[in-house]
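Residue-level structure breakdown
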Amino acid sequence: MKSITSAITSVGGYVPETVLTNFDLEKMVDTNNEWIISRTGIKERRILKDKSLGTSFMAINAANKLLQEKDVDPTSIDLVIVSTATPDMPVSSTASFVATEIGASNAFGYDIQGACSGFLFGMSAACAHICSGRYRKVLLIGADKMSSIVDYEDRKTCVIFGDGAGAVLFEPNYEGYGLKDEILKVDGNGRNFLKIEAGGSMLPASNQTIENRQHFLQQDGRPVFKFAVSYMTEVITKLLKRNSLEKNEIDYVVPHQANKRILDAIARNLDLAPGKMLTNIEKYGNTTAATLPLLLWDNRKNFKKNEKLIFTAFGAGFTWGASYLTWAYNS
Ligand code: UT7
């Protein structure tokens, strides 16, 4: 019997229409375009303006684009995984709603909360389901409505984040393409550096938590920056070594988009040739679980069969890791 690997066979993406520029933010908080561009690389981000719509709206749109792009029958999907830090509701998974709305009537589904590493962790789960031999089509979506948890009075965080969603379909592959290896990590000691304090079981919502603005995302940016650079560099280096990969053999690095300076530092550490580190942070900002699939969506026409991609991410938790995947088809 031929061994099964799990490969990406289709990609979808969606960002809302409303653009929030650095100049718009200048009118909201004490910041300026020069600071934001030079410290983060971000020029603008997309915001899901309609308050009645949640993360599922973007996830459904990204999934529908994927289904259309490769003419996939939604009833053939076995599993829908939504990686998100901003589910529609704390209880009742976003994945269940998305599956039903896209017509995936034969699928089961669940959410993954891995913050900015959610999509990377989701790739691991999706591929394990495929490689078990029991499931043939797993739809993995990374989606976040960061504007629902960002404090637009806090200049340290509100300039960074944006809303968006991306989706990939994983299917069995019998030629060895797809996910080859991964190193995935957590360190709970990091949880106070990047968090929402209230609204969970430890500190349920109250008038006091609302008054204290504890339902908004808080970040201690400088240490997070340092951990992000060193941990992502470390896991990529280990992953390359144990797969006997030279850096000039990598076609693309698909990194989480938190800060252009983080990406430049990793590229320098790895001595990567220019152009291999994919980036689109200038137009979307940090969309948390959506950054990796949105990079795939933006670059999908460029990937060729057997190209070698390294995915990497770092986020709240702390959570981080790197995965090695070969592209399975010519676009
Ligand atoms: O995606 C999940 C993981 N997250 C990350 O990887 C993010 C990692 N961290 C970062 O990307 C950066 O730390 C930030 C972009 C968040 C902040 O950039 P920084 O260069 O580390 O700035 P800082 O926090 O050290 O602040 C430097 C100065 C401060 O002023 P003082 O104390 O030196 O007078 C801040 O108050 O910049 C000030 N500042 C701003 N000034 C204008 C902070 N935010 C702003 C702002 N506009 N928006």
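For clarity, every value in this text was computed on a predicted model and none was experimentally measured. (Residues numbered from 1 in each chain as written. Predicted model: local features only at pLDDT ≥ 70, side-chain atom pairs only at ≥ 80, totals over all residues. Heavy atoms only, no water.)

So, the packing of aromatic side chains
Each aromatic ring pair is specified by the distance between its two centres and by the angle formed by the two planes. What counts here: Any Phe, Tyr or Trp ring, taking Trp's six-membered ring, that has another such ring centre within 6.5 Å forms a pair; planes under 30 degrees apart are called stacked, those over 60 apart edge-to-face, and the others tilted. The helix and strand labels rest on DSSP assignments: H or I over at least four residues marks a helix, E over at least two residues marks a strand, and numbering proceeds from the N terminus. Burial classes follow relative accessibility: with a 1.4 Å probe on protein chains only, a residue under 20% of its type's maximum area counts as buried, one over 50% as exposed, and anything between as partly exposed.
Per the counting criterion, the structure on display carries 14 aromatic pairs. Geometrically, the ring pair formed by Tyr14 and Phe57 is edge-to-face, given 5.9 Å between the ring centres and 85° between the ring planes. Of the two residues, Tyr14 is situated in strand β1 (residues 5–14) and Phe57 in helix α3 (residues 55–69); the sequence distance between them amounts to 43 residues. Judged by its relative accessible area of 29%, Phe57 falls in the partly exposed class. Ring geometry for Phe193 versus Phe227: centroids 5.9 Å apart, planes at 65°, classification edge-to-face.

Concerning the site of the ligand
Applicable threshold: Here, proximity means that at least one heavy atom of the residue falls within 4 Å of the molecule or strand. Here a polar contact means two N or O atoms within 3.5 Å. Within protein one must be a hydrogen donor candidate and the other an acceptor candidate, and residues neighboring in sequence count only if both atoms are side-chain atoms. Computed with the Shrake-Rupley method and a 1.4 Å probe, the accessible areas treat only the protein chains shown as cover for residues.
The ligand sits among 23 residues. The nearest are Thr31, Arg155, Arg222, Asn259 and Asn286. A distance of 2.7 Å is found between a nitrogen atom of the ligand and a side-chain nitrogen or oxygen belonging to Thr31. Contact between the ligand and Arg39: an oxygen atom at 2.9 Å from a side-chain N or O atom of the residue. Starting from 950 Å² of accessible surface for the ligand in isolation, the protein chains cover 76%.

A look at helix α5 (residues 118–131)
Quick reminder: α-helices carry 3.6 residues per turn. Residues three or four places apart thus point the same way. Rule in force here: How far a helix is expected to stretch is found by multiplying one less than its residue total by 1.5 Å.
Under the 1.5 Å per step criterion, the end-to-end length of α5 is 20 Å for 14 residues, consistent within 8% with the ideal 20 Å. Within α5, twelve of the 14 residues are buried, leaving the element largely enclosed by the surrounding structure. Within the sequence span of α5, burial applies to Gly118, Phe119, Leu120, Phe121, Gly122, Met123, Ser124, Ala125, Ala126, Cys127, His129 and Ile130.

A word on unusual backbone geometry
The bulk of non-glycine residues show a negative phi, and the bulk of peptide bonds are trans. Cis geometry marks the peptide bond from Gly317 to Phe318; its omega dihedral reads -5°. Of note in the backbone geometry, Ala115 takes a positive phi value of approximately 50° without being a glycine. Mapped onto the secondary structure, Ala115 falls in the loop between β5 (108–112) and α5. Phi at Asp271 takes a positive value of approximately 55°, unusual for a residue other than glycine. Given a relative accessible area of 56%, Asp271 falls into the exposed group.

Let's talk about the side chain of Thr326
Rules: Residues are treated as being in contact if the distance between any of their heavy atoms lies within 4.5 Å.
Inspection of the secondary structure assignment puts Thr326 in strand β13 (residues 319–326). Each residue touching Thr326, except ones within four places of it in the same chain, is listed here: Gly176, Tyr177, Gly178, Lys180, Asn306, Glu307 and Lys308.

Examining the environment of Asn269
By the element assignment, Asn269 lies in helix α9 (residues 260–270). The spatial distance from the C-alpha of Asn269 to the C-alpha of Ser230 is 9.0 Å, given a sequence separation of 39 residues. For Asn269, the residues in contact, after removing those within four places along its chain, are Val229 and Thr233.

A few points about the domain arrangement of the protein
Just so we agree on the cut-off: Domain start and stop positions are those given by an automatic or database domain assignment. Values labelled buried area give the accessible surface lost by two parts on being combined, using a 1.4 Å probe and summing over both. What makes a salt bridge here is a side-chain nitrogen of Lys or Arg within 4 Å of a carboxyl oxygen of Asp or Glu, nothing more. Charged means Asp, Glu, Lys or Arg here, nonpolar means Ala, Val, Leu, Ile, Met, Phe, Trp, Tyr, Cys or Pro, and polar covers whatever is left, Gly included.
Per the domain assignment, the segments making up the protein are domain 1 (5–177) and domain 2 (180–326). Taking only C-alpha atoms into account, the centre of domain 1 sits 14 Å from that of domain 2. Tallying the contact residues gives 53 residues for domain 1 and 47 residues for domain 2. Together, the buried faces of domain 1 and domain 2 total about 3900 Å²; carbon and sulfur atoms form 64% of this surface. When the area that domain 1 buries against domain 2 is broken down by residue, the three leading residues are Cys116, Leu120 and Tyr177, summing to 17%. The salt bridge involving Asp151 is made with Arg213; its shortest N-O contact spans 2.9 Å. In this assembly, domain 1 and domain 2 are joined by 17 residue pairs in polar contact (both at pLDDT 80 or more). Secondary-structure elements contributing two or more residues to the side of domain 1 that touches domain 2 are β1, α2 (33–40), β3 (44–47), α3, α5, β6 (138–145), α6 (155–158) and β7 (163–173). The leading source of residues in the side of domain 1 that touches domain 2 is β7, at seven residues. Considering only residue class, the side of domain 1 that touches domain 2 consists of 23 nonpolar, 16 polar and 14 charged.

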